[in-house]
Amino acid sequence: MFPSQVRGVLGLPMMARRHALAFLTLLLMLLGASGEALAHAVAEGDKGYIQEIYGVNLISFMYLGAKHMVTGYDHILFLLGVIFFLYRMQHIAIYVSLFAIGHSTTMLLGVYFNIGINSYLIDAIIGLSIVYKALDNIGAYQRWFGFQPNTKVATLVFGLFHGFGLSSKIIEYDISPDGLVPNLLAFNVGVEIGQLLALSAILIVMGFWRRTTGFLRHAYTANVAMMCAGFMLVGYQLTGYFIA
């Protein structure tokens, strides 16, 4: 739960507001660096490769899965929100495992059974997952509604939506049915490898940040910045849905 002694954005000293602005600017730069990444898309070169190959290609699909996760800014932002106030490795493992189970289940089943969801709508929901987690981190639900949602259930449910986001894109690329199951499993293994790599980087940075005296002062503002990035994702996807 977010510490009560952390002050709001307007109450932070000038230096903290500068750090918050830098944090938000970095998030916006990451989100704006690739429009394709915001839509769970696979790079054009990878897209052509997926459409052309046939048979079992385990290493290739593992690489594509890892690449997707490492460059998937929405995944990384959500993972950042999930582990923001988790200090024990066993707690981190539980939440990340729940997210992985949800993500893997809908990605595999969605592609195998050809269950497609509009990419813009599902990615807007993924943006909302970031907003949800940022609000949870600042204790908004208890202050506003007087109750705390089950964070484990929420992580699993949003993991399901994250998986549908990817499966919807893979379906659009008409992947060959020849070797479909082993290729999908290899892709999923790659996704989990990429998730571990991204999580390791996040934990290293968070570990250094938590040792500083300014962590609690800046944590509130960082989560507000993360929430703004989530709203940006939602707006981007809904705009695409209505003009597409």
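Residues numbered from 1 in each chain as written. Predicted model: local features only at pLDDT ≥ 70, side-chain atom pairs only at ≥ 80, totals over all residues. Heavy atoms only, no water.

Visitor: Would you mind going over the pattern of salt bridges in detail, with residue names and values included?
Guide: Applying the stated criterion across every chain yields a total of one salt bridge. Across the pair Lys133 and Asp136 runs a salt bridge whose closest N-O atoms are separated by 2.8 Å. One end of the pair, Lys133, and the other, Asp136, are both in helix H7 (residues 119–137), three residues apart, so they sit about a helical turn from each other. (Salt bridge = Lys/Arg side-chain N within 4 Å of Asp/Glu carboxyl O. Helix = DSSP H or I, 4+ residues; strand = E, 2+ residues; numbered from the N terminus.)

Visitor: Help me get a handle on a nonpolar patch on the surface, residues and values and all.
Guide: Nonpolar side chains collect at one region of the surface, where Leu109, Tyr112, Phe113, Ile115, Val181 and Leu185 lie side by side and expose about 580 Å² of accessible area between them. Of all elements in the fold, only helix H6 (89–112) and helix H10 (180–210) reach the threshold of two or more residues within the nonpolar patch. With respect to the element layout, Val181 can be found in helix H10. A relative accessible area of 41% places Val181 in the partly exposed class. (Patch = residues over 30% accessible without salt bridge, like charges linked within 9 Å, V, L, I, M, F, W, Y side chains within 5 Å. Areas by Shrake-Rupley, 256 points an atom, 1.4 Å probe, with all protein chains shown as cover. Buried < 20%, exposed > 50% of the residue type's maximum accessible area, 1.4 Å probe, protein only.)

Visitor: Kindly report on the packing of H7 against helix H9 (residues 151–172), identifying the contributing residues and their values.
Guide: At their nearest, the axes of H7 and H9 sit 9 Å apart, and the two run at 155° to each other. One way to sum up the angle between H7 and H9 is to call them roughly antiparallel. The crossing of H7 and H9 is left-handed. Of the residues in H9, those touching H7 at Ser119, Ile122, Asp123, Ile125, Ile126, Ser129, Tyr132, Lys133 and Asp136 are Thr151, Ala154, Phe158, Phe161, His162, Phe164, Gly165, Ser168, Lys169 and Glu172. Across the contact of H7 with H9, the residue classes break down as eight nonpolar, six polar and five charged. (Axes fitted to C-alpha atoms, helices over the stretch in contact; angles between N-to-C directions. Parallel < 35°, antiparallel > 145°, perpendicular 65-115°, else oblique. Left-handed = near helix turned anticlockwise from the far one by under 90°. Contact = heavy atoms within 4.5 Å. Nonpolar A, V, L, I, M, F, W, Y, C, P; charged D, E, K, R; others polar.)

Visitor: Tell me about the packing of aromatic side chains, and please be specific about residues and values.
Guide: Two aromatic rings, taken as a pair, are described by how far apart their centres are and by the angle between their planes. Overall, the coordinates contain 14 aromatic pairs when judged by the stated rule. Between the aromatic rings of Phe84 and Phe85, the centroid separation amounts to 5.0 Å while the plane-to-plane angle is 70°, which identifies the pairing as edge-to-face. Of the two residues, Phe84 and Phe85, both sit in the buried class. A centroid spacing of 5.0 Å and a plane angle of 85° characterise the contact between Tyr112 and Phe113, whose relative ring orientation is edge-to-face. A relative accessible area of 47% places Tyr112 in the partly exposed class. Here the aromatic cluster, defined as three or more aromatic residues joined through ring pairs, consists of Phe78, Phe99, Tyr132, Tyr141, Phe158 and Phe161. (Phe/Tyr/Trp six-rings, centres within 6.5 Å; stacked < 30°, edge-to-face > 60°.)

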